[in-house]
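# Analysis of the macromolecular model
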Amino acid sequence: MSDAPSKPSVTLDELASLCKRRGFVFQSSEIYGGFESTWDYGPLGVELKRNVKAAWWKATVQERDDVAGIETSILMSPKVWQASGHATHFSDALVECKSCHHRFRGDDLSGGACPDCGGDLTEAKQFNTMFKTFVGPVEEEASVTWLRPETAQGMFVNFENVLTTSRRKLPFGIAQQGKSFRNEITTGNFIFRTREFEQMEMEYFCKPGTDDQWYDYWREQRLGWYHRFGVRPENIRLREYDPSELAHYSSGTTDVEYKYPMGWAELEGIAKRTDYDLRKHAEASGKNLSYFDEETKEHIVPYVVEPAVGVDRCMLIYLLDAYRDEEVRGEKRTVLKLHPFLAPVKVAILPLSRNEQLVPAARKVYDLLRPQFATQYDDAQSIGRRYRRQDEVGTPLCVTVDFDTLTDDAVTIRERDSMEQHRIPIANLMEALRERLPEC
Ligand code: GAP
């Protein structure tokens, strides 16, 4: 973390409290006192998460003609992790305080003393952060494997399968979304770093010598994706790694960094992985993982550029970035200005009151909209409070059904950001909503 921002618009604690209150994120195993750094997504959180994944899939797979999707298993042969280098290299430096016995990641410490009590620290020792598990009923060394720490290897070991079944030509990509697990030494900052998380990764295979060009291309594409879905440009930047920071497989890496309340830190990594993974798997498996270049009539091992991001971390930045405290007519309003595509609820249907004539009319509008949009029907408390509640969860549009509706067959659309209201005949409602909900 560096350059802590002067005044974040929201702290992580405030955001976590909103997330709990409104059903985005709950602490895992909460009734038992919680379980360290694991989180559950509630009714609104799961919608936001699905929308973040859909936004990534749309831009990375659906809208392109050079990327194919895949979904591989979390449990894989231990040979995968031996060949990829994770069994030996996927470790962090662990140091322990000799007085208070708190443990830290060597990378996180700048001085030689314990940050908690000032005590002496032990020498750093390497700690493999993969979760070991046993496959089958016997807990013995022969049955050990690991929960995957990245989804990437599932794509490398399927390179040949995808190449032959989808008849791809270089350059092309394989994309996947799925859970990964790391026994992190230090976790925290809400859903920023956890031991179980979800990733969205893409391996872009290209001809050797063209990877620098694709590296530049994917850095711009990925930054553009965040802008497209509403992240404020001043809160996001690219940072190229110093060679001393590179992972064991990488010849160059750039982070997309975000300005979190605790300072600038990694959001996404874009790495040049060279031909490292395909070569290692070819050597270890004895299989040919090369590509036949029709033009030069040569077998080549493709180079790889990989954009990789965590879904949970993405959700965190979209929430942080959307958060605003505003003053409206002397009152505070908290609003999440989420891009409509990401918003968990697109349209809320609000009858002015629970009057017995209004309810059937409002239910009719609800029934009309529900198959087309993620909707919510809310009739509890005053209309003003309901608008505030929808603002706080980022609902872009509210549709209000009032007594005039019973005679004019029209409703009011209220916009989250401008708070403007427009009277629309129910016959034109669907069209009016579609206009205001681009890409949804
Ligand atoms: N295949 C490359 C790879 O996994 P990484 O930089 O270790 O690269 C990619 O991870 C992204 O996954 C990170 O930028 C971050 O968004 C997310 N990520 C990694 N570890 C995480 C953790 N413990 N908790 C939440 N997200 C994590």
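Residues numbered from 1 in each chain as written. Predicted model: local features only at pLDDT ≥ 70, side-chain atom pairs only at ≥ 80, totals over all residues. Heavy atoms only, no water.

### Here we look at the site of the ligand
Near the ligand you find 21 residues, and of these Glu150, Glu184, Thr194, Glu201 and Glu266 are the closest. Glu201 is positioned such that a nitrogen or oxygen atom in its side chain is 2.4 Å from a nitrogen atom of the ligand. Contact between the ligand and Glu306: a nitrogen atom at 2.9 Å from a side-chain N or O atom of the residue. When isolated, the ligand has an accessible area of 550 Å², and the protein chains bury 92% of it. Every element with two or more residues in the shell around the ligand is listed here: β10 (196–206), β13 (263–274) and β16 (303–310). A per-element tally of the shell around the ligand places β13 first, with five residues. Residue classes in the shell around the ligand are distributed as seven nonpolar, four polar and 10 charged. (Near = heavy atom within 4 Å. Polar contact = N/O pair within 3.5 Å; in protein donor to acceptor, adjacent residues only side chain to side chain. Areas by Shrake-Rupley, 256 points an atom, 1.4 Å probe, with all protein chains shown as cover. Helix = DSSP H or I, 4+ residues; strand = E, 2+ residues; numbered from the N terminus. Nonpolar A, V, L, I, M, F, W, Y, C, P; charged D, E, K, R; others polar.)

### Looking at the pattern of salt bridges
By the definition in use, this model includes 43 salt bridges. Residue Arg239 is joined to Glu257 by a salt bridge in which the shortest nitrogen-to-oxygen separation is 2.9 Å. Of this pair, Arg239 sits in strand β11 (residues 236–240) while Glu257 sits in strand β12 (residues 252–260); the two residues are 18 residues apart in sequence, bridging distant segments of the chain. Exposure remark for Arg239: the relative accessible area of 27% places this residue in the partly exposed category. Note that Arg333 is salt-bridged to Asp391, the shortest N-O span being 2.9 Å. Note that Arg333 is positioned in strand β18 (residues 331–336) and Asp391 in helix α11 (residues 383–392), a separation of 58 residues in sequence. (Salt bridge = Lys/Arg side-chain N within 4 Å of Asp/Glu carboxyl O. Buried < 20%, exposed > 50% of the residue type's maximum accessible area, 1.4 Å probe, protein only.)

### Comments concerning α11
Counting along an α-helix, one turn takes 3.6 residues, and residues three or four places apart therefore face a common direction. Every buried residue belonging to α11 is among Arg386, Tyr387, Arg389, Gln390, Asp391 and Glu392, and all of these are buried. Positive phi shows up at Gly394, right after α11, with a value of about 85 degrees.

### Remarks on the environment of Ala362
With respect to the helices, strands and loops of the structure, Ala362 is situated in helix α10 (residues 358–369). Ala362 sits 159 residues away from Glu203 along the chain, and the two C-alpha atoms are 48 Å apart.

### Quick notes on a nonpolar patch on the surface
Among the surface-exposed residues, Leu352, Phe403 and Leu406 lie close enough to one another that they form a single nonpolar patch of about 240 Å² accessible area. For Leu352, the position within the fold is in the loop between β19 (347–351) and α10. (Patch = residues over 30% accessible without salt bridge, like charges linked within 9 Å, V, L, I, M, F, W, Y side chains within 5 Å.)

### Quick word on the confidence of the model for the chain
When the pLDDT values of the chain are averaged, the result is 94; 98% of them are 70 or greater. Throughout residues 1–6 the model reports pLDDT below 50, and contacts reaching past four residues in sequence, or to other chains, amount to 18 contacts. (pLDDT = per-residue confidence, 0-100. Contact = heavy atoms within 4.5 Å.)

### Quick word on the sheet that holds strand β22 (residues 410–415)
Working definition: the strands of a sheet are paired by backbone hydrogen bonds and lie parallel or antiparallel to each other. Strand order in the open sheet made by the five strands is β20-β19-β21-β22-β23, with mixed pairing throughout. Two strands close off the open sheet at either side, each with one partner strand: β20 (375–377) and β23 (421–425). Strand-to-strand, the axes of this sheet are offset by a mean angle of 25 degrees, without reference to chain direction. Note: β19 against strand β21 (residues 397–401), five bridges, orientation parallel. Note that in β21 the partner of Val347 across the bridge is Leu397. (Pairing = 2+ DSSP bridges. Axes fitted to C-alpha atoms, helices over the stretch in contact; angles between N-to-C directions.)

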